[in-house]
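# Working through the structure, step by step
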Amino acid sequence: MKKLIRNLLSGYLLILLILLIELAVFVYIEFFLDDTLTKFLNEEEMDISIKAIISLSYISLRIFAFVVEVIIFFKIINKQEDPEFKIPWIVGMLLLPFFFAVLFMIFGNHGLKKKDRKILDETIQAYKKNTPEANDESIFEGSIGAFNYLSNVTRLAPHTNNRVTYYKCGSEFFPELYKCLEEAKEFIFMEFFIVHDGEVWSTISDILKRKAQEGVKVIFLYDDMGCSGTISSRTPKILRKFNIECYKFHPFRPILSGVYNNRDHRKIAIVDHKYAFTGGMNLGDEYANIIERFGYWKDTMIKIEGSAINNLIETFLQNYSLCTYKVSDYNRYLTYDYEKFDCSGYVMPFGDGPGGIDDALVGEQNYINILHYSKHEVYISTPYLVPTYELLNALRNTALRGVKVHLILPGIPDKKLVFKVAQSQFKFLLDSGVEIYIYKKGFNHMKTMLADEKLGFVGTINYDFRSLVHHFECGALLYKTECLKDIKADFLEMLKDCEQVPADFELGKWSRRFCNLIKLISPLL
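So, here is what we can say about the structure in this document. Just so it is clear, the model here is predicted, and its values are computed rather than measured.

Parameters at a glance
- Residues numbered from 1 in each chain as written.
- Predicted model: local features only at pLDDT ≥ 70, side-chain atom pairs only at ≥ 80, totals over all residues.
- Heavy atoms only, no water.
- Helix = DSSP H or I, 4+ residues; strand = E, 2+ residues; numbered from the N terminus.
- Buried < 20%, exposed > 50% of the residue type's maximum accessible area, 1.4 Å probe, protein only.
- Contact = heavy atoms within 4.5 Å.
- Core = buried A, V, L, I, M, F, W, Y, C linked by side-chain atoms within 4.5 Å.
- Pairing = 2+ DSSP bridges.
- Axes fitted to C-alpha atoms, helices over the stretch in contact; angles between N-to-C directions.
- Disulfide = S-S within 2.5 Å.
- Parallel < 35°, antiparallel > 145°, perpendicular 65-115°, else oblique.
- Nonpolar A, V, L, I, M, F, W, Y, C, P; charged D, E, K, R; others polar.
- Salt bridge = Lys/Arg side-chain N within 4 Å of Asp/Glu carboxyl O.
- Expected span 1.5 Å × (residues − 1).
- Phe/Tyr/Trp six-rings, centres within 6.5 Å; stacked < 30°, edge-to-face > 60°.
- Arc of directions from axis to C-beta.
- Patch = residues over 30% accessible without salt bridge, like charges linked within 9 Å, V, L, I, M, F, W, Y side chains within 5 Å.
- Areas by Shrake-Rupley, 256 points an atom, 1.4 Å probe, with all protein chains shown as cover.
- Left-handed = near helix turned anticlockwise from the far one by under 90°.

### Brief notes about the overall build of the chain
On a plain count of helices and strands, the chain comes out with 20 helices and 20 strands. The buried share of the chain, reckoned over its 525 residues, is 57%. A separation threshold of at least 6 residues defines the contact pool for the chain, and within that pool the share at least 24 residues apart is 82%.

### Concerning unusual backbone geometry
Even without a glycine there, the phi angle at Asn 161 is positive, about 60°. Structurally, Asn 161 can be placed in the loop between strand E1 (159-160) and strand E2 (163-167). Asn 161 sits in the partly exposed class, given a relative accessible area of 26%.

### A few points about the nonpolar core
Counting 98 residues, the largest nonpolar core has Phe 174, Met 190, Ile 204, Phe 220 and Leu 283 as its most contacted members. Setting aside residues up to four positions removed in sequence, Ile 204 forms contacts with Leu 177, Tyr 178, Leu 181, Met 190 and Leu 283. Core analysis: the next-biggest nonpolar cluster, separate from the first, contains 48 residues, Tyr 166, Phe 187, Ile 268 and Tyr 439 among them.

### Here we look at the side chain of Gln 423
Residue position: Gln 423 is located in helix H16 (residues 416-423). Among the residues examined, Gln 423 registers a relative accessible area of 15% and is labelled buried. If sequence neighbours within four positions are ignored, Gln 423 has contacts with Phe 505 and Leu 507.

### With respect to the pairing of strand E16 (residues 447-451)
Judged by how many residues are buried, E16 sits mostly within the fold: five of five residues are covered. Pairing geometry for strand E11 (residues 377-381) and E16, over four bridges, is antiparallel. When the sheet's bridge partners are listed, Ser 381 is paired in E16 with Thr 448. Linkage of E16 to strand E17 (residues 455-459), two consecutive antiparallel strands, is achieved through a turn of three residues, within which Asp 452 is found at a positive phi near 55°.

### Considering the sheet that holds strand E19 (residues 473-479)
Ordered by their spatial adjacency, nine strands build an open sheet running E1-E10-E19-E17-E16-E11-E13-E14-E20, and the pairing between neighbours is mixed. If you trace the sheet from one side to the other, it starts and ends with E1 and strand E20 (498-500), each paired once. In this structure, strand E13 (residues 404-410) lies alongside strand E14 (residues 435-439), joined through five bridges in parallel fashion. Each residue of the ladder has a partner; that of Ile 408, found in E14, is Tyr 437. With respect to the sheet, helix H8 (residues 144-154) is in contact with strand E10 (346-352), E17 and E19, its orientation differing from that of E10 by roughly 40°.

### With respect to the state of the cysteines
With the rule as written, the count across this model stands at zero disulfides. No disulfide involves Cys 323; its sulfur sits 9.2 Å from the nearest other cysteine sulfur, which is in Cys 246. Judged by relative accessible area, which is 18%, Cys 323 ranks as buried. Cys 343 carries a free sulfur, and the closest cysteine sulfur to it, the one in Cys 483, is 9.9 Å from it. Take Cys 343: its relative accessible area is 14%, and that puts it in the buried class.

### Here we look at the packing of helix H9 (residues 170-182) against helix H10 (residues 199-213)
Contact geometry for H9 and H10: axes closest at 10 Å, N-to-C directions at 10°. Considering the angle they form, H9 stands roughly parallel to H10. Two secondary-structure elements touch here, H9 through Phe 174, Leu 177, Tyr 178, Leu 181 and Glu 182 and H10 through Val 200, Thr 203, Ile 204, Ile 207, Arg 210 and Lys 211. Of the residues that constitute the contact of H9 with H10, the class distribution is seven nonpolar, one polar and three charged.

### Focus: the pattern of salt bridges
Evaluation of the coordinates by the stated rule reveals 17 salt bridges. Glu 182 is the salt-bridge partner of Arg 210, the closest N and O atoms lying 2.4 Å from each other. In this pair, Arg 210 sits in helix H10 while Glu 182 sits in helix H9, placing the two residues 28 residues apart along the sequence. The class for Arg 210 is partly exposed, based on a relative accessible area of 36%.

### A look at helix H12 (residues 309-324)
Since the α-helix packs 3.6 residues into each turn, any two residues three or four apart lie on the same face. For H12, spanning 16 residues, the distance from its first C-alpha to its last is 22 Å, which sits close to the expected 22 Å at 1.5 Å a residue. Extensive coverage of H12 is indicated by the burial of 16 of its 16 residues.

### Considering the packing of aromatic side chains
Overall, the coordinates contain 26 aromatic pairs when judged by the stated rule. Ring centres 5.1 Å apart and planes at 75° place the aromatic pair Phe 249 and Phe 472 in the edge-to-face group. A residue pair is termed long-range when its members are at least 10 positions apart, and Phe 249 in strand E5 (residues 244-249) and Phe 472 in the loop between helix H18 (465-470) and E19 qualify at 223 residues. Comparing Phe 249 with Phe 472 shows no difference in burial state: the two are buried. Here Trp 297 and Phe 443 contribute two aromatic rings whose centre-to-centre distance is 4.9 Å and whose plane-to-plane angle is 80°, an arrangement assigned as edge-to-face. Remark: Phe 443 occurs in strand E15 (residues 442-444) and Trp 297 occurs in strand E8 (residues 296-298); sequence separation between them is 146 residues. Comparing Trp 297 with Phe 443, the two get one shared label, buried.

### Focus: helix H15 (residues 389-400)
The end-to-end C-alpha separation of H15 is 16 Å, in line with the 16 Å expected for twelve residues at 1.5 Å each. If you check which residues of H15 are buried, you get Leu 391, Leu 392, Ala 394, Leu 395, Thr 398 and Ala 399. When H15 is viewed along its axis, its buried side chains cluster within an angular range of 160° and face the same direction. Considering only its buried residues, H15 is in contact with helix H14 (362-373), E11, E13, helix H17 (426-430), strand E18 (463-464) and H18.

### Let's talk about a nonpolar patch on the surface
A cluster of nonpolar side chains, namely Ile 59, Ile 63, Phe 66, Val 67, Val 70, Ile 71 and Phe 74, defines an oily patch on the protein surface of about 680 Å² accessible area. Here Ile 59 shows up in helix H4 (residues 48-78).

### Structural notes on the packing of H8 against H14
H14 packs onto H8 with a crossing angle of 165° between their chain directions and a minimal axis gap of 9 Å. Relative to H14, the element H8 is oriented roughly antiparallel. The chirality of how H8 crosses H14 is right-handed. Seen from H8, the contacting residues are Gly 145, Ala 146, Tyr 149, Leu 150, Val 153 and Thr 154; seen from H14, they are Val 362, Gln 365, Asn 366 and Asn 369. When the residues that make up the contact of H8 with H14 are grouped by side-chain class, the tally is five nonpolar, five polar and no charged.

Okay, here's the thing in structure tokens:
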């Protein structure tokens, strides 16, 4: 009820109503306009010249619509992307050409707008000179391909002599975050998908306000749709009174635009040049298990100390530039003599964006590269399993190579429809030898992966189309860092609270048919 009232007051429901009206107009044109005009033109009292004008206008409109439909159809066919993205649009265009032409113009482009791409290109050029050179390739052994790929598409690099700490739950992470925020002397950068009123946000906002009053530069970004109804729409205005720069990412407006798909799903917190955090947790009480939603909320974060913080600063500043639409001289944040820690391994934080920053699905390929690296055993936790076919096939092929693949999914899912579609993928994976586990304790929201206890990933990227294609995401690739043993121990502990899906698992007949229909729109799930 509180969320409904907040949405009413903030105008989100009014915006949704306007969008529905806009779509209703196109549905009316598609299905009912012909009949309405026929009845209208059959009126005997109407002047014949008026009828001629209306008929000519209608014919012109239909010709125009047909030309647009043909253009869009060929645009879909010729798009440089996987066929699975094209098939739903092609089927829709064949059944309801005008309606799906309009939908394609709204949602079909999962890449960046020209204006956004221009800003990102400018930030990449501005920060590129601060990117360190990659280290000795021989040290990376078989993982060098995974790091080279990320370096080439993100213009970032792996870092050594960094200390990485792993947090296996919110009750471990949030007290450490509070402590580090309190230590801030120069700047605090924060970027989150969801911010929810409660104990966690109250504590953090109080610290940010106090630090800003002390002269610390505080910049806070949050996703506008992700926070719909969870905090006041006046939050930026409230925080700015305390000298905090606060921005809604891609503000939700009543226009026909695919920008609604391009959400900021990143989770980043950076304190001076001392600490940086990333992982799966948003700022809400459920993540700390202060309140219960979907049973026990299992999630992970990491803290980075050392030069790899620069990667997350660059990633953060890119979206900050998208919010302000200007690229300033931020080199003072990137030119810093970091402390070198006596810690082994490499850490490489990176960001991904809609359609890939370089027209590449960076998150998808990162997961595939980790799977290709594995020789013995892989552990994966993801809340959703609606992946691209390439990623799904990579999972299957990894198991067929003889690698033991452990895939953990929620026992209490937050989206039952999406979980049902995930179940429709089980047989394909089980037949190849993938071991699927259901986390009975609650909802595992963590997006964590570990291969052969040497190469790991902690971040925000789910195994679904939204994360892999549409959203702004981030995470860190880890190689032989000391925290990997903690990640392995966490996976083993999780498996004790899991139930393995039997190898002969099959959905019922009607469920299979239902999921086959839903898969047509899986890129939108």
